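Here is what each chain is made of, one letter per residue.
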Amino acid sequence: MGHKDGASLAFSELRKESQDLYNRIHSVAEDAAFIDQVYRSYPRLPLMPNMRCGAWYTDPDTASNERAYFKSTDGHTGNWSFNLRRPNLHVLPLICAHGGLLLVDSTRAGKRMPDALSKTVPIWCAVINRAVLKTTPNMDADTDAWNTKLYTPPGVVSAQEHDQIEQKLDGWVDDLVASFYVLPKLRHPLRPIWITPSTTMFPKFPDTDAERLFYPIICISASKQVFDGLERRVTGFAYIQGSGDDHELWSMGLTPTQFWKHKQTLLHANRNELPTLVQTLTSSPNIHSAPTNSNMSFHPTPIHHVHGRLSICTTHDICSSFDAKFAVVYLTSSDQIPPDFKDNPRVLYIQTPQGKKGQHHFLHTVLPQTIPFILFHLQNARCVCVACETGTDTSIGVALAALTKFFDESGEFCGEYEHEREGVLCASFQLSHKNVH
């Protein structure tokens, strides 16, 4: 065997091990144990996963029901951004109520922490701090009282990159202040703090509001840094850094929720049993299955602000015969439409790929098909339910687009183009809608 053939075979074996379900599951469990250790050191702070992969490492029994969405791409070198499409303002009240936040994410081999934690979150903290200072009358602008500095992790972000980011902060602040978003009042500025598995001592913070100078946003990178991608354990698996990332490539349909629900069963299965076990769990009737019970009551979650004209649910929640006042957008990764929905003019079925491919599909397929469908049925006095497999993913995006396009601030249906508004969300949607044509 030649040198090139040997190297190719070795690379192929490494890749196979990196995608191995057994290795991934046990690596996630190891990282989750570290997250639990950190959480026990800060029990008063809410534990929040950064979507998507952060959910693999946070036990739903201890984690907040809220989710953060700080994208690494907003922190990539030369692509830094405070993205107004995902401002994460919903986490600020939680931070104020508890005096800080534990934010969980991970990254793959070769890096200590993801760009989401090393740059996107620091940008967010600095922009929020400056925007609050700018929009709050009579606030003491003294630096010691209200710190607006940019903080980035030493040894991860270079001084040059730090300075380049800092030069852009005030422009992002102006964009946020000019948007329709309303900033809550903060008693203290935000400040990012970083913890990784190599951290030898966890920092301590004041317990009372009177003592603290800032709200600590503790960014926890869950995975140990492994330079070669994997590291063998004496317990019989190869540890893979950032195992929760891009789970569509290895999980066989297993979700973080299912992992935590069946964690002990999964971890006690041997390598040969595990794929069959996962197939059984993911094909269980209560997981992503088509509706079969025609007598099952249909109770989607209504959006009360628009008087229930729009609602959201999971695909499993939809019974085969639902009320005639409803139309349904049915978004699923399954390639088979439920027989009872076939040729039903009140059902729009769209097969949606999972993962990053789904993001492109959402703009180029889902929105162009769902928006006219929703408008037609709203105009015909129907309520529209948007369903996806979790009820918290694609369905939210579609419902948000419809809210922005067809309803005014008071929640009244206005029809297409009848209600033009100034606003970042509306403008962003209009831009994405134009780009798909």
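Located above this text is the structure these notes cover.
This section reports on the structure supplied with the text. Keep in mind it's a predicted model, so treat the numbers as computed, not measured.

Ordered by their spatial adjacency, four strands build an open sheet running E1-E2-E4-E3, and the pairing between neighbours is parallel. At either end of the open sheet lies a strand with only one pairing partner, and these are strand E1 (47–49) and strand E3 (190–195). Taking each pair of neighbouring strands and ignoring which way they run, the sheet shows an average axis angle of 25°. Where E1 meets strand E2 (residues 101–105), three bridges bridge the pair, whose relative direction is parallel. Within E2, the position partnered with Pro49 by the bridge is Val104. Sitting on the sheet, helix H2 (residues 21–41) touches E1, E2, E3 and strand E4 (215–221), and the angle it makes with E4 is about 160°. Docked against the sheet, helix H4 (residues 115–135) engages E2, E3 and E4, running at close to 165° with respect to E3.

A few words on the sheet that holds strand E10 (residues 347–351). Two pairing modes exist for strands in a sheet, parallel and antiparallel, and in both the strands are linked by backbone hydrogen bonds. What the five strands build is an open sheet, ordered E7-E8-E11-E9-E10; its pairing is mixed. Since the sheet does not close on itself, it has two edges, and those belong to strand E7 (301–302) and E10, each with one partner. Note: E7 against strand E8 (residues 310–314), two bridges, orientation antiparallel. Across the sheet, Thr301 pairs through a bridge with Ile312, a residue of E8.

Next up on the list: the pairing of E3. The element E3 is largely enclosed, with a buried count of five among its six residues. Bridge analysis of E3 against E4 gives six bridges, and the strand direction is parallel. Within E4, the position partnered with Ile193 by the bridge is Ile218.

Let us look at the packing of H2 against helix H9 (residues 274–282). In contact at an axis separation of 9 Å, H2 and H9 are set at 75° when each is read in the N-to-C sense. It follows that H2 is roughly perpendicular to H9 by the angle criterion. For the pair H2 and H9, contact is made by Leu21, Tyr22 and Ile25 and by Leu274, Pro275 and Val278, respectively. Taken together, the residues of the contact of H2 with H9 sort by class into six nonpolar, no polar and no charged.

With that out of the way, let us pick up the side chain of Thr394. Tracing the backbone shows Thr394 in helix H11 (residues 394–406). For Thr394, the residues in contact, after removing those within four places along its chain, are Leu331, Phe362, Val366 and Cys388.

Moving on, we come to the pattern of salt bridges. Close approach of charged atoms lets side chains of opposite charge pair. A complete count under the given rule lists 13 salt bridges for this structure. Note that Asp207 and Arg44 form a salt bridge whose closest N and O atoms lie 3.5 Å from each other. On the criterion of sequence distance, the pair formed by Asp207 in the loop between E3 and E4 and Arg44 in the loop between H2 and E1 is long-range, its members being 163 residues apart. Residue Asp207 is classed as exposed on the basis of its relative accessible area, which comes to 60%. Overall, the relative accessible area of 29% leaves Arg44 in the partly exposed class.

The phi dihedral of His307 is positive, around 60°, even though this residue is not glycine. His307 sits in the exposed class, given a relative accessible area of 55%. Phi at Asp343 takes a positive value of approximately 65°, unusual for a residue other than glycine. The exposure class assigned to Asp343 is exposed, which follows from its relative accessible area of 76%.

Further remarks concern the packing of aromatic side chains. Both the distance between ring centres and the angle between the ring planes are used here to describe each pair of aromatic rings. Counted under the stated rule, the structure contains eleven aromatic pairs. Judged by centre distance (6.3 Å) and plane angle (80°), the rings of Phe205 and Phe214 are edge-to-face. By way of ring pairs, the aromatic residues Tyr42, Phe202, Phe205 and Phe214 are connected into one cluster. Across from the ring centre of Phe413, 5.6 Å away, lies the NZ or CZ of Arg309, which sits over that ring.

Before going further, it helps to examine H4. Between the first and last C-alpha of H4 there are 29 Å, a value that for 21 residues agrees with the 30 Å anticipated at 1.5 Å per step. At Val121, H4 shows its maximal kink, close to 25°; a proline, Pro122, follows between one and four residues later. With 18 of 21 residues buried, H4 lies mostly within the body of the structure.

Moving on: helix H6 (residues 169–178). For H6, the full list of buried residues reads Leu169, Trp172, Val173 and Leu176. The arc enclosing the buried residues of H6, seen along the axis, measures out at 105°, which places them on a common side.

Before going further, it helps to spend a moment on the environment of Ala401. Among the structural elements, Ala401 can be located in helix H11. Sequence separation between Ala401 and Thr370 is 31 residues; the distance between their C-alpha atoms is 9.6 Å.

The rules behind the values
- Residues numbered from 1 in each chain as written.
- Predicted model: local features only at pLDDT ≥ 70, side-chain atom pairs only at ≥ 80, totals over all residues.
- Heavy atoms only, no water.
- Pairing = 2+ DSSP bridges.
- Helix = DSSP H or I, 4+ residues; strand = E, 2+ residues; numbered from the N terminus.
- Axes fitted to C-alpha atoms, helices over the stretch in contact; angles between N-to-C directions.
- Contact = heavy atoms within 4.5 Å.
- Buried < 20%, exposed > 50% of the residue type's maximum accessible area, 1.4 Å probe, protein only.
- Parallel < 35°, antiparallel > 145°, perpendicular 65-115°, else oblique.
- Nonpolar A, V, L, I, M, F, W, Y, C, P; charged D, E, K, R; others polar.
- Salt bridge = Lys/Arg side-chain N within 4 Å of Asp/Glu carboxyl O.
- Phe/Tyr/Trp six-rings, centres within 6.5 Å; stacked < 30°, edge-to-face > 60°.
- Lys NZ or Arg CZ within 6 Å of the ring centre and 35° of its normal.
- Expected span 1.5 Å × (residues − 1).
- Bend = angle between axes of the 7 residues up to and from the residue.
- Arc of directions from axis to C-beta.

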